[in-house]
Amino acid sequence: MRYFPLFLDLRDRLVVIVGGGTIAERKLALVAESGARLKVVAPTLTAALQAAREAGRLEHVPRQFEAHDLEGARLVIAATSDRVVNAGVARAAEQRGIIANVVDDLELSTGILPAIIDRSPIVVAVSTGGTAPVLARRIRAQLETVVDESLGRFAAFAAAWRSRIRTAIPDLSARRRFYDWLLDGPVAALVRHARPAAAAELIASELARYSHPSAASTQDKRCGSVALVGAGPGDPGLLTLKALRALQGADVVLHDRLVSHEVLLLARREADLIEVGKTGHGHSVAQQQIHQLMLEHALAGRRVVRLKGGDPFVFGRGGEELEFLRAHGIPYEVVPGVTAALACASYAGIPLTHRDHSGSVRLLTAHCRESLDTTDWRGLAAARETLAVYMGVAMLAQLRTELIRHGRDPATPIAFIENGSRPEQRVVVGTLAQIEQLAADHAVRSPALLIVGEVAGLATQLHWFGAPPESGAAVAARNAA
Ligand code: SAH
């Protein structure tokens, strides 16, 4: 190991930066996070550095570097484009025993700056020994995706309890077990869920149990949890970072049929993947059974991810599942996903609202007769309204009849988006009057989303993903040929 990693306490210590250009600007922003006193030696400054000087965030020495500028400094960063100047800085630093970092010059540097993941007080620093900064940045980016933003908050929380934990649990191995529980269990979840008061209450009551002699044995029972996670429409790139982290921490994944294979590949290797999917119409595993599975695995102490296509709260029965979990006292969280309406619209080039064409969007399902019977048709038939219809392929005739009867123009554009966001995506465009004919002629299959509204017509110009939109005219021509 050529470079020894070390974290410096720079608060109120002097750091000198030589150079006043954009590189100096970037290094200064980084070092400023440490609370150091900053001195910039440079004949001229960029506008941003000038602003920082005016705000009193740095001291400016407006001339070329001189060795005595380093008096009292802990660290110097040479960020000029002139190697002779940089070498002078390095020499002056060496004579005074000050660590010098010379930007992009390993030979002149006695210290190198790592790539940093800041979840203060937790900081992860990555170095490739200066050999491959690009690689270090890549590793940093990967770590950023897996290290939860709340980790810093949790570390600060744990630190505040440290001495009380030590007093309450003098035995070292019992204390280790307690820390495992703290990290994996409900306290960390509460901190993550921005509920510090509830977290404090829980940890206090757990610690209180240690003053009873029989308490330590009950400590080992672990309580599982369920995360209701939106998997998006298929393209794994549309997962949220939180969804990815949940998948990577899962013991069991209970997923719908609709969830794409590519998304499932991102689950932790050791996780059990159980399909409980629905196909759109018939339910292959009844909702009751899904509830039982969630309960069983959570009670066994597992981290369960209930993975649903799109967003769990949009036609996903997520609400019912939470009610069930709540009734059984199972801790849960919800991670939203990109719902089919948003994804299909984007990937088909259909802006859901548009200043010229549409001022509002409604998400509805035409899944069965009842879901359409209870609908406010007059509202749905209003012009300049975009309708995103889920599970719509079955009830098209009724949808068209009612919309037109309540005043929607039969020439209103519509688009079917089948397999939105997936490589096999198909978009079929036409008019409201032709709706069933289009679905039949183009053999539109589930999963497909129907968009009704003036904006649907824009797909013809704005499409960018997958095959270009098919239209009624194309089919007529193909049939004639
Ligand atoms: N919770 C899901 C919706 C579940 S209902 C969400 O938020 O997207 C299932 C319906 O969603 C399907 O019948 C279809 O209308 C729509 N759907 C889901 N994924 C889709 C996709 N990739 N392309 C087109 N429609 C999709």
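Scoring rules and cut-offs
- Residues numbered from 1 in each chain as written.
- Predicted model: local features only at pLDDT ≥ 70, side-chain atom pairs only at ≥ 80, totals over all residues.
- Heavy atoms only, no water.
- Helix = DSSP H or I, 4+ residues; strand = E, 2+ residues; numbered from the N terminus.
- Rg over C-alpha atoms; globule rule 2.2 N^0.38 Å.
- Buried < 20%, exposed > 50% of the residue type's maximum accessible area, 1.4 Å probe, protein only.
- Contact = heavy atoms within 4.5 Å.
- Areas by Shrake-Rupley, 256 points an atom, 1.4 Å probe, with all protein chains shown as cover.
- Lys, Arg positive; Asp, Glu negative; His and termini not counted.
- Charge placed at Lys NZ, Arg CZ, Asp CG, Glu CD.
- Pairing = 2+ DSSP bridges.
- Axes fitted to C-alpha atoms, helices over the stretch in contact; angles between N-to-C directions.
- Phe/Tyr/Trp six-rings, centres within 6.5 Å; stacked < 30°, edge-to-face > 60°.
- Domains from an automatic or database assignment.

S.K.: Would you mind going over the overall build of the protein chain in detail, with residue names and values included?
M.R.: Looking only at helices and strands, the protein chain has 20 helices and 18 strands in total. Computed over C-alpha atoms, the radius of gyration of the protein chain comes to 30 Å, more than 25% over the 23 Å expected from 2.2 N^0.38 for 481 residues, which places it beyond the range of a compact globule. Viewed in the frame of its principal axes, the protein chain has a C-alpha envelope of about 85 × 70 × 40 Å. Counting the 481 residues in the protein chain, one finds 44% classified as buried. A fraction of 63% describes how many contacts in the protein chain between residues 6 or more apart in sequence connect residues 24 or more apart. Accessible surface, the protein chain as shown: approximately 24,700 Å² in total, 55% of it carbon and sulfur. When the 54 basic and 50 acidic side-chain charges of the protein chain are each reduced to a single mean position, those positions are 4 Å apart.

S.K.: Which residues make up the sheet that holds strand β11 (residues 303–308), and what are the values?
M.R.: With respect to topology, five strands assemble into an open sheet ordered β10-β9-β11-β8-β12, the strand pairing being parallel. The sheet is open, and its two edges are formed by β10 (272–275) and β12 (332–335), each paired on a single side. The mean angle between the axes of side-by-side strands here comes to 20°, regardless of whether they run parallel or antiparallel. Where strand β9 (residues 252–255) and β11 come together, four bridges link them in parallel fashion. Bridge assignment links V253 to a residue of β11, and that residue is V305. Strand contacts of helix α12 (residues 287–299): β8 (225–230), β9, β10 and β11, with the helix running at about 155° to β11, the strand carrying the most contacts.

S.K.: Outline the packing of aromatic side chains, supporting the account with residue identities and numerical values.
M.R.: Scanning all chains against the criterion turns up seven aromatic pairs. Relative to W181, the ring of F178 has its centre 5.4 Å away and its plane inclined at 45°; by these criteria the two rings are tilted. One end of the pair is F178 and the other is W181, both in helix α6 (residues 172–184) and three residues apart, which spans about a single turn. For the pair formed by F178 and W181, the shared burial category is buried. Each ring, one from Y347 and one from W464, has its centre 5.1 Å from the other, and the planes form 45°; the classification is tilted. Of this pair, Y347 sits in helix α14 (residues 340–348) while W464 is found in the loop between α19 (459–462) and β18 (470–471), placing the two residues 117 residues apart along the sequence. For Y347, a relative accessible area of 10% puts it in the buried group. Judged by relative accessible area, which is 52%, W464 ranks as exposed.

S.K.: I'd like to hear about the domain arrangement of the protein chain, residue by residue, with values.
M.R.: Many structure descriptions define interface size as the accessible area lost when the parts assemble. Assigned domains of the protein chain: these are domain 1 (14–113), domain 2 (151–221), domain 3 (225–338) and domain 4 (342–480). For domain 1 versus domain 3, the separation of C-alpha centres amounts to 51 Å.

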